[in-house]
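# Breakdown of the fold
The chain contents come next:
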Amino acid sequence: MACYFIEPGWEKVLEGGESVWISRKSRTEGSFHGDVKLEGSKLILEDDSTFEGSLAGSKILNITWANHNVRFIAPQKWFNFKKSITSIDVSEGGLGVFSSGEIVYVFDTKLGDIRREFTQHVAELYTVRLFPSGVVGLSNGADMQLKIWSCADGKCPVTLTGHTKAVTCTSIIERGRNIASVSKDGTARLWNCGSSKCLGNIELGESLNTCAIIAKNDSSQRECIREEVDSDLHGKLLISGGEEGGLCVVDLPSQSLINRYKCDSAINILANSQKQLFAGCENGEVKIFDISDLSSPVNTTHDSNSPVLSLVVLGDGFVVGRSDGTVAVYKNKCSTSIYLTGPDNERVSSLSKDDDYIYTGSRDGCIRKYSLENTVIR
């Protein structure tokens, strides 16, 4: 499978009557480049009879090249905050958060206005999340701290400490009474937010980059759960991804390691749906696991060697952001490759979505919004 690239801002360039560059790169067959120009309603790639293309509105470009169907989607809107973005999360209520350096910014997802800055961290942040309420933030970073704070007034009632190296990722469990964290110190920790107490410290033996929480219904497991274990933890598994490629499965009620799978390179990011777990790796692979059996992947996508830095689940598929600035949408039983365009070779470090848009955060300081409707192939 090849990857496809087009000049950032193609929608404006073509509108002005100029040509834009386009390329096709394969891990095994090399690269092909050319310039395309709009002639009437059709796109022309000189001296290549395998190419056909046309615009479908102002934000969608459909092409067929070498017998493969591709859709490029331009952002509906973007906000240039002029700060390298490391993490982003959005709520359904129109509020978003992003991190840059050691600061978290609360912003309006419709207008892009910054409403508040949260400045109580003292080192670079790794991730920032919104609790399900959409008005409380959770941030973590190189200062080895997790902080829970209000998006409304910036007050921080809870600071969680205990990790001995950078806290690289967190997962919120259910409505947020409990959270999990992983760290470069090789441990996963389970926390109760109300009491600010650490409920467990699990040694996993390698520097950890990412984590996810999945629900696995297992009645036999429920029978042996201790009475003092929080009901929100029943049937929950913590999945961690490590710098040495280890994908660890931890049973949260018993805090025991129940499975470990070894990927070929570091696992940078995890995301999950109700049925599948997706692991994005440094070598460009995305490993796909069935949640009913996490012992080995059921599928692997590897159409690029560029490291996977961000993932978000989209229906029965997923969206991948890479170090080379590409953002690709993968859908089951879809023969069309879909790309969200805009970042110009700038790493896409974070992805999020609400009911209407996919949001990308990248090193160029921009947050871009893409219409979910435009990803539908009819």
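In this report, we go over the structure that sits alongside the text. (Residues numbered from 1 in each chain as written. Predicted model: local features only at pLDDT ≥ 70, side-chain atom pairs only at ≥ 80, totals over all residues. Heavy atoms only, no water.)

## Structural notes on the side chain of Glu-206
Here Glu-206 shows up in the loop between strand 20 (197-203) and strand 21 (208-215). Of the polar contacts made by the side chain of Glu-206, one reaches the backbone nitrogen of Glu-243; its length is 3.3 Å. (Helix = DSSP H or I, 4+ residues; strand = E, 2+ residues; numbered from the N terminus. Polar contact = N/O pair within 3.5 Å; in protein donor to acceptor, adjacent residues only side chain to side chain.)

## Let's talk about the pairing of strand 25 (residues 267-272)
For strand 25, a buried count of five out of six residues is recorded, marking the element as mostly surrounded by other parts of the structure. Bridge analysis of strand 25 against strand 26 (residues 276-281) gives five bridges, and the strand direction is antiparallel. Counterpart to Ile-269 in the pairing with strand 26 is Gly-280. The antiparallel hairpin formed by strand 25 and strand 26 contains three residues in its connecting segment. (Buried < 20%, exposed > 50% of the residue type's maximum accessible area, 1.4 Å probe, protein only. Pairing = 2+ DSSP bridges.)

## As for the side chain of Ser-23
Note that Ser-23 resides in strand 2 (residues 20-26). Judged by relative accessible area, which is 2%, Ser-23 ranks as buried. Filtering out sequence-adjacent residues up to four positions away, Ser-23 remains in contact with Cys-3, Tyr-4, Phe-5, Phe-32, His-33 and Trp-65. (Contact = heavy atoms within 4.5 Å.)

## A closer look at the packing of aromatic side chains
Under the counting rule described, the total for this entry stands at 14 aromatic pairs. Between Phe-72 and Tyr-339, the aromatic rings sit 6.0 Å apart at their centres with planes inclined by 35°, giving tilted as the arrangement. Of the two residues, Phe-72 sits in strand 7 (residues 68-73) while Tyr-339 sits in strand 32 (residues 336-340), which places them 267 residues apart along the sequence. On the accessibility criterion, Phe-72 (0% relative accessible area) is buried. Residue Tyr-339 is classed as buried on the basis of its relative accessible area, which comes to 6%. Among the aromatic residues, those joined into a cluster by ring pairs are Tyr-4, Phe-51, Trp-65, Phe-72 and Tyr-339. Directly above the ring of Phe-32 sits Arg-24, whose terminal nitrogen or CZ lies 4.2 Å from the centroid. The cationic tip of Lys-369 hangs over the ring face of Tyr-357; the distance from NZ or CZ to the ring centre is 4.2 Å. (Phe/Tyr/Trp six-rings, centres within 6.5 Å; stacked < 30°, edge-to-face > 60°. Lys NZ or Arg CZ within 6 Å of the ring centre and 35° of its normal.)

## A short note on the state of the cysteines
All told, the structure shown has zero disulfides when counted by the stated rule. Not part of a disulfide, Cys-198 finds its nearest cysteine sulfur in Cys-193, a span of 12 Å. The class for Cys-198 is partly exposed, based on a relative accessible area of 33%. Free of any disulfide, Cys-334 has its nearest cysteine sulfur in Cys-3, 15 Å distant. Look at Cys-334 and you get partly exposed, because its relative accessible area is 25%. (Disulfide = S-S within 2.5 Å.)

## Regarding unusual backbone geometry
The phi dihedral of Asp-47 falls on the positive side, at around 60°, and the residue is not glycine. What makes Asp-47 exposed here is its relative accessible area of 75%. Here the phi dihedral of Asn-345 falls at roughly 55°; this positive angle occurs in a residue that is not glycine. Assignment of secondary structure puts Asn-345 in the loop between strand 32 and strand 33 (348-353). Assessed through its relative accessible area of 55%, Asn-345 is described here as exposed.

## Things to note about the environment of Tyr-357
Among the structural elements, Tyr-357 can be located in strand 34 (residues 357-362). For Tyr-357, a relative accessible area of 26% translates into the label partly exposed. Sequence separation between Tyr-357 and Val-167 is 190 residues; the distance between their C-alpha atoms is 29 Å. Residues contacting Tyr-357, with those up to four places away along its chain left out, are Gln-76, Ser-352, Lys-369, Tyr-370, Ser-371 and Leu-372.

## Examining the nonpolar core
Most often, soluble globular proteins have nonpolar side chains that are buried together. The biggest cluster of nonpolar side chains holds 32 residues, and the ones touching the most others in it are Trp-10, Ile-22, Phe-51, Ile-63, Phe-72, Leu-311 and Phe-318. Sort the elements by how many residues they give to this core and strand 1 (residues 2-6) lands first, with five residues. Dropping the residues within four chain positions of it, Leu-311 is found in contact with Ile-269, Ala-271, Phe-278, Ala-279, Gly-280, Phe-318, Val-319, Val-320 and Leu-351. (Core = buried A, V, L, I, M, F, W, Y, C linked by side-chain atoms within 4.5 Å.)

## As for the pattern of salt bridges
According to the stated counting rule, one finds eight salt bridges in the structure shown. Between Asp-364 and Arg-368 there is a salt bridge, with the nearest N and O atoms lying 2.9 Å from each other. Given a relative accessible area of 7%, Arg-368 falls into the buried group. (Salt bridge = Lys/Arg side-chain N within 4 Å of Asp/Glu carboxyl O.)

## Describing the sheet that holds strand 1
Backbone-to-backbone hydrogen bonds pair the strands of a sheet. The strands run either parallel or antiparallel. Read across the sheet, 11 strands follow the order 1-2-3-4-5-6-7-32-31-30-29 without closing on themselves; strand pairing throughout is mixed. Two strands lie at the open edges of the sheet, namely strand 1 and strand 29 (308-314), each paired on one side alone. Going across the sheet, the axis of each strand differs from the next one's by a mean of 25°, ignoring polarity. Looking at chain direction, strand 4 (residues 42-45) and strand 5 (residues 51-55) are connected through two bridges and run antiparallel. (Axes fitted to C-alpha atoms, helices over the stretch in contact; angles between N-to-C directions.)

## So, the pairing of strand 18 (residues 178-183)
With six of six residues buried, strand 18 lies mostly within the body of the structure. A two-sided burial pattern is seen for strand 18, the buried positions comprising Asn-178, Ala-180 and Val-182 on one face and Ile-179, Ser-181 and Ser-183 on the other. Both strand 17 (residues 167-173) and strand 18 contribute to a ladder of six bridges, which runs antiparallel. Bridge pairing links Thr-170 to Ser-181 in strand 18. The antiparallel pairing of strand 17 with strand 18 creates a hairpin that spans four residues between the two strands, and Glu-174 there sits at a positive phi of about 55°. Summarising the sheet, strand 18 and strand 19 (residues 187-192) pair through five bridges and their orientation is antiparallel. Counted as the bridge partner of Ile-179 is Trp-191 from strand 19. Where strand 18 folds back on strand 19, the antiparallel hairpin that results is connected by three residues, among which Gly-186 adopts a positive phi of roughly 85°.

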